[in-house]
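Take a look at the letters that make up each chain.
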Amino acid sequence: MRSRLLRPKSMPLNTLVNARDGSSRVVLSEPSGSYAEVSLYGGQVVSWKNERREQLLYMSTKAQMKPPKAIRGGLPICFPQFGNFGALERHGFARNRFWSFDNDPSPLPPANQQSTVDLVLKSTEDDLKIWPHSFELRVRISISPGKLTIIPRVRNTDPKAFSFMFALRNYLYVSDISEVRVEGLETLDYLDNLVRRERFTEQADAITFDGEIDRVYLNTPTKIAIIDHERKRTIELRKEGMPNAVVWNPWDKKAKSITDMGDEDYTTMLCVDSGAIETPILLKPCEEWRGRQELSIVSSSYCSGQLDPRKVLYGDH
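Rules used throughout
Residues numbered from 1 in each chain as written. Predicted model: local features only at pLDDT ≥ 70, side-chain atom pairs only at ≥ 80, totals over all residues. Heavy atoms only, no water. UniProt positions renumbered as here; feature names shortened; annotations may be inferred. Helix = DSSP H or I, 4+ residues; strand = E, 2+ residues; numbered from the N terminus. Buried < 20%, exposed > 50% of the residue type's maximum accessible area, 1.4 Å probe, protein only. Contact = heavy atoms within 4.5 Å. Areas by Shrake-Rupley, 256 points an atom, 1.4 Å probe, with all protein chains shown as cover. Phe/Tyr/Trp six-rings, centres within 6.5 Å; stacked < 30°, edge-to-face > 60°. Pairing = 2+ DSSP bridges. Axes fitted to C-alpha atoms, helices over the stretch in contact; angles between N-to-C directions. Salt bridge = Lys/Arg side-chain N within 4 Å of Asp/Glu carboxyl O.

Naming follows an unreviewed UniProt entry, where the protein appears as glucose-6-phosphate 1-epimerase of Brassica campestris. Recorded in UniProt for the protein, the comment headed Catalytic activity (unreviewed entry) runs: "alpha-D-glucose 6-phosphate = beta-D-glucose 6-phosphate". Quoted verbatim from the Sequence similarities (unreviewed entry) heading of the UniProt record, the comment on the protein is "Belongs to the glucose-6-phosphate 1-epimerase family."

Here it is, written out as structure tokens:
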């Protein structure tokens, strides 16, 4: 049985609570009724619900919320490596660490403490043994009506320059993967992780799903649309500082080989990630990199064909 968070209806906003699985989480709320839960393990959003209490992020039915496993679902932070694009553990170690509250998030402006949390992860002696670079990784997580915003920052506190990869893995909860399409990546080149990262060019007008997919799209636009026809809902992904987009679904055979994933979970999840993967980010001492990602819910008229998709992808909202 999936653990449930003990959350009184009148609970104050931005509250630290203990879930039944023993994990510590911050609950963010905003006046329209939507809320998100952020685990201090991994600095990771583990739930995001709209004002109708509909879950927008996938969480594995077999997810483990404590070490040593990373949390399968929600919004993991991949640093300083993505996937197996390097010698470190898969997706790096940031998602396997306990994060702390960031009491000095400058130069970002002071946050609304009701709907925002600032977290920080600083390199430890154990981290330096496997990745010998001193760093500070900060993340600001905010919610507003229909929107989840994440601002990640990496500062080099080492006397020498270093390079790193970074990604926000977005496990999206969908009604039926076979009824989902992704728009905004057409005509782009991608690296296919199923074929030894061979480079191809996307030929389809939109990405649809009938089997396993694991691709890193290159030089992607700032906006990507994930259209869930059955739910009549579109999630728009906007990103800055992360030129790559990853599209992943394990499909049935691979899903059965993933120990912390239910056999049928692949039918209701899709990862569309923001990342800086193909070309690692180089930071000199004292320099800081900043990215930004917004996930927002677009009106159902987009899904019913009444709205020009180009206006969603390229217009101002």
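Trainee: I tried to follow the overall build of the protein on my own but got confused; where do I start?
Mentor: Counting its regular elements, the protein contains 3 helices and 22 strands. Considering the protein as a whole, with its 317 residues, one finds that 56% of them fall into the buried category. Sequence separation of 24 or more characterises 64% of the internal contacts of the protein that already satisfy a separation of 6 or more. A total accessible area of about 14600 Å² is found for the protein, and carbon and sulfur atoms account for 48% of it.

Trainee: Would you mind going over the environment of Ile 297 with me for this structure?
Mentor: Counting through the fold element by element, Ile 297 comes out in strand S22 (residues 292–298). It is 4.8 Å that separates the C-alpha atoms of Ile 297 and Ile 235, two residues lying 62 residues apart in sequence. Beyond its immediate sequence surroundings of up to four residues, Ile 297 is in contact with Trp 48, Leu 56, Gly 146, Arg 233, Thr 234 and Ile 235.

Trainee: Can you help me understand the packing of aromatic side chains in this one?
Mentor: Note on aromatic pairs: each is described by the distance of the centres and the angle between the planes. The final tally for this structure, using the stated rule, is 18 aromatic pairs. Each ring, one from Phe 79 and one from Phe 93, has its centre 6.4 Å from the other, and the planes form 85°; the classification is edge-to-face. Of the two residues, Phe 79 is situated in the loop between strand S5 (77–78) and strand S6 (100–101) and Phe 93 in the loop between S5 and S6; the sequence distance between them amounts to 14 residues. For the pair shown, Phe 79 and Phe 93 are each scored as buried.

Trainee: Can you walk me through the sheet that holds strand S2 (residues 24–29) in this structure?
Mentor: Across the sheet, which stays open at both edges, the 4 strands sit in the order S1-S2-S3-S4 with antiparallel pairing between neighbours. If you trace the sheet from one side to the other, it starts and ends with strand S1 (15–18) and strand S4 (44–49), each paired once. Geometrically, the sheet is characterised by an average inter-axis angle of 25° between neighbouring strands, direction not taken into account. Relative to strand S3 (residues 35–39), S2 runs antiparallel, the two being bridged by 5 bridges. Its bridge partner lying in S3, Arg 25 is registered against Ser 39.

Trainee: I tried to follow the pattern of salt bridges on my own but got confused; where do I start?
Mentor: Tallying each qualifying case throughout the model produces 24 salt bridges. Asp 260 is paired through a salt bridge with Lys 69; the nearest N and O atoms lie 4.0 Å apart. Linking Asp 260 in the loop between helix H2 (251–257) and strand S20 (269–283) with Lys 69 in the loop between S4 and S5, this pair joins segments that are 191 residues apart in sequence. Owing to a relative accessible area of 4%, Asp 260 belongs among the buried residues under this scheme. Since its relative accessible area comes to 31%, Lys 69 is described here as partly exposed. Arg 199 is the partner of Asp 189 in a salt bridge, and the nearest nitrogen-oxygen pair spans 3.1 Å. Linking Asp 189 in strand S13 (residues 189–192) with Arg 199 in strand S14 (residues 198–201), this pair joins segments that are 10 residues apart in sequence. Each of Glu 51, Arg 52, Glu 54 and Arg 233 takes part in salt bridges that share partners, so that together they form one network.

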